[in-house]
Amino acid sequence: MNLLEVKNVSFSYNKAANKKERKTKNKTDNNKYITKAAINNISFSVKNNEVIGVIGHTGSGKSTLMQTLNGLIKPDSGTVYFKGNNIFLNKKELYKFRFKIGLVFQYPEYQLFEETVFKDVSFGPKNMGLDEENINKRVTEALNIVGIKKDLFSKSPFDLSGGQKRRVALAGILAMKPEVLVLDEPTAGLDPVGRKMLLNSIINYKNQNDAAVIIVSHSMEDLAKISDKLLVLNEGNQVAFDTLNNVFKNRERLQSIGLDVPEVTKIMIALKEKGLINNDEVYTVKEAADIITNTFRGCCND
Amino acid sequence: MIKDVSFGQYISKNSLIHKLDPRLKLFLLIAYIIFIFLASNAYSLLFITAATFFILFLSKISLKTYFKNIRMIIPIIIFTSLLNALYSGGGTLLFSYGFIKIYTSGIYRACFMTVRIISLILISSVLSYTTTPTDLTDAIESLLSPLKYLGLKNAVHTMAMMMTIALRFIPALIEETDKIMSSQKARGASMESGGLIKRIKALLPILIPLLISSIRRSYELAEAMESRCYNGAEGRVRMKEMHFINKDYFSFAFSIVVFSVTIILNILF
């Protein structure tokens with residue numbers, strides 16, 4: 001069964017302003033002033049233990065889409081189902097879904113506010129109304145998953161390094177134990193070690209809790225490593241929702257909307273063109289290394 | 001929702017008033033305010049109000065937009081009218097109920113005050129609608145420049161720079177607040193429910209990150225300015241020099257006529 005299902009979701013900003021504009025300008029030019037939607041008719045779904053990568057050029061509506069998933073933005077049309085329940089059905093119950101569908105914003109370290117790391121991470125679980133024992137258990141677990149050591153628990157979050165702050169902020173969401181984890185560019189601005197640690201924490205959380213993950217990133221390499229499916233957006237429209245293979249196979253279409261295949265795939269495509277290998281459907285360095293070593297070991301042993 | 005709050009009321013139009021030198025506009029605004037207060041009888045007040053409407057017309061901004069500003073001060077208008085109506089005696093008694101007595105002169109005073117307040121608001125709106133905040137701070141800096149003879153040159157420049165930066169950061173901070181509110185909502189924070197103390201407490205998760213990010217931003221800005229050799233007023237030149245042109249002289253002369261007629265009407269009647 002689908003854990004989260006997005007059906008025909010559309011949303012546009014500045015409706016009032018646009019309406020006024022349309023009223024006055026319609027007479028002169030009908031097509032030019034049609035409201036430009038931030039997202040337009042997006043549909044996809046995610047199952048337990050599945051990772052969906054979301055890619056798209058700047059301004060393609062990724063962040064807007066992420067905020068509709070947990071009800072921070074109410075779409076103009078279409079809706080979001082969590083385990084078959086329409087999350088927008090009852091306005092008063094909406095906040096409960098935010099504990100189930102955890103959203104980590106871009107640069108989440110700017111949301112930290114408490115005196116200690118431990119207190120900050122417990123903000124979410126406290127809002128859920130859990131008892132103290134439960135809160136402590138969840139906070140410790142979440143901080144363990146993101147690799148924050150015990151001696152940092154009582155430190156001020158503002159004394160940590162950038163990467164540590166980011167991981168504490170992630171723990172703040174993980175402590176609510178969401179069944180769907182939504183991340184908006186979680187690795188932006190981190191060094192390679194920080195990226196790796198953060199992605200590993202996300203994967204560990206997913207495996208331990210059988211959770212679904214929806215992750216926005218500009219890094220094709222990161223997405224190729226962890227995603228099961230890709231959702232491709234361009235100017236608010238859904239270009240594709242498919243497996244890695246099917247999305248990366250169509251390189252021209254990706255390039256036409258300002259995206260491309262992972263770097264390693266480019267190398268493999270070039271090698272295949274030279275006739276050195278016969279498989280270029282490779283998206284991670286590890287796979288590529290295996291294929292190259294196998295091919296050339298074969299050739300040199302002859 | 002918080003994004004809907006517009007700050008700075010500048011409306012871009014191509015009108016005479018928009019093109020005037022901001023220093024002159026600021027100076028004339030102060031003069032108009034003084035003369036609206038000086039207008040002491042119905043004739044002079046009506047005359048300067050008519051002049052105000054003529055200026056509104058010249059600014060090419062619809063009256064509807066101007067009257068939006070008046071809507072906000074309706075409580076003040078009602079309050080002053082009531083006070084004036086109740087406390088001025090003289091003329092014939094129109095209405096009495098217990099200690100409340102309303103005379104014709106009270107009604108006259110109330111109308112007079114209402115027209116005066118409305119003119120004041122309208123003429124002030126002209127400046128904010130037709131002048132960008134940056135132009136306005138430049139004008140203030142220029143008008144205060146005589147203070148440099150008191151050895152305050154740097155102080156005037158610093159004040160103006162602070163105002164410019166403050167205005168520049170308001171939209172950025174509004175956006176930041178929106179973002180922080182959304183991310184705390186994503187952690188289950190609720191800002192709409194609970195008693196007063198609970199609501200104040202609910203503001204902390206927003207105010208603290210906001211304060212920290214403003215401090216961070218100001219450090220970054222200070223560094224960016226220093227790395228471009230910003231050095232205060234010393235040796236600083238402007239990209240846009242302000243000059244008086246014919247339009248400005250004409251507007252100045254027009255205003256002098258308006259002020260003179262107001263005073264003459266004051267004396268005659």
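Student: Any chance you could explain the packing of aromatic side chains here in plain terms?
Tutor: What describes a pair of aromatic rings is the distance from one ring centre to the other and the angle between the planes of the rings. One pass over the structure, following the stated rule, counts 16 aromatic pairs over all chains. Taken together, a centroid distance of 5.2 Å and an interplanar angle of 70° make the contact between Tyr66(B) and Tyr129(B) edge-to-face. Separated by 63 residues along the polypeptide, Tyr66(B) in helix α4 (residues 63–72) and Tyr129(B) in helix α6 (residues 104–130) bring together distant segments of the chain. Judged by relative accessible area, which is 0%, Tyr66(B) ranks as buried. Pairing Tyr108(B) with Phe112(B) gives two aromatic rings, centres 6.1 Å apart and planes at 40°, and the pair type is tilted. One end of the pair is Tyr108(B) and the other is Phe112(B), both in helix α6 and 4 residues apart, which spans about a single turn. Overall, the relative accessible area of 41% leaves Tyr108(B) in the partly exposed class. Phe112(B) sits in the buried class, given a relative accessible area of 6%. Among the aromatic residues, ring-to-ring pairing joins Tyr32(B), Phe35(B) and Phe259(B) into one connected group. Lying across the ring of Phe169(B), Arg168(B) places its NZ or CZ 5.1 Å from the centre. Over the aromatic face of Tyr110(A) sits the side chain of Arg216(B), whose NZ or CZ is 4.1 Å from the ring centroid.

Student: Can you walk me through helix α9 (residues 196–227) of chain B in this structure?
Tutor: The periodicity of an α-helix, 3.6 residues per turn, causes residues three or four places apart in sequence to face the same way. Residue and element names in this part refer to chain B. Here α9 is 32 residues long and its end C-alpha atoms lie 46 Å apart, about the 46 Å a rise of 1.5 Å per residue gives. Considering bend angle alone, the principal kink of α9 is centred on leucine 204 and spans about 30°; proline proline 205 follows within four residues of it. Residues of α9 that are buried include every one of Ala202, Pro205, Ile206, Pro209, Leu210 and Ser213, and no others. Backbone geometry just after α9 places cysteine 229 at a positive phi near 65°.

Student: Which parts of the structure should I look at to understand the interface of chain B and chain A?
Tutor: Where interface size is quoted, it is often the accessible area lost as the parts come together. The interface is formed by 15 residues belonging to chain B together with 20 residues belonging to chain A. Interface area for chain B against chain A, summed over the two sides, is near 1500 Å², with a carbon-plus-sulfur share of 62%. At the junction of chain B with chain A, the criterion picks out 1 salt bridge. Notably, a salt bridge pairs Asp120(A) with Arg187(B), separated by 2.8 Å at the nearest N-O pair. At the surface where chain B touches chain A, the tally comes to 3 residue pairs in polar contact (both at pLDDT 80 or more). Within the residue set of the side of chain B that touches chain A, elements represented by two or more residues are α8 (153–186) and α9 of chain B.

The rules we used
Residues numbered from 1 in each chain as written. Chains lettered and ligands numbered in written order. Predicted model: local features only at pLDDT ≥ 70, side-chain atom pairs only at ≥ 80, totals over all residues. Heavy atoms only, no water. Phe/Tyr/Trp six-rings, centres within 6.5 Å; stacked < 30°, edge-to-face > 60°. Helix = DSSP H or I, 4+ residues; strand = E, 2+ residues; numbered from the N terminus. Buried < 20%, exposed > 50% of the residue type's maximum accessible area, 1.4 Å probe, protein only. Lys NZ or Arg CZ within 6 Å of the ring centre and 35° of its normal. Expected span 1.5 Å × (residues − 1). Bend = angle between axes of the 7 residues up to and from the residue. Contact = heavy atoms within 4.5 Å. Buried area = accessible area lost by both parts, 1.4 Å probe. Salt bridge = Lys/Arg side-chain N within 4 Å of Asp/Glu carboxyl O. Polar contact = N/O pair within 3.5 Å; in protein donor to acceptor, adjacent residues only side chain to side chain.

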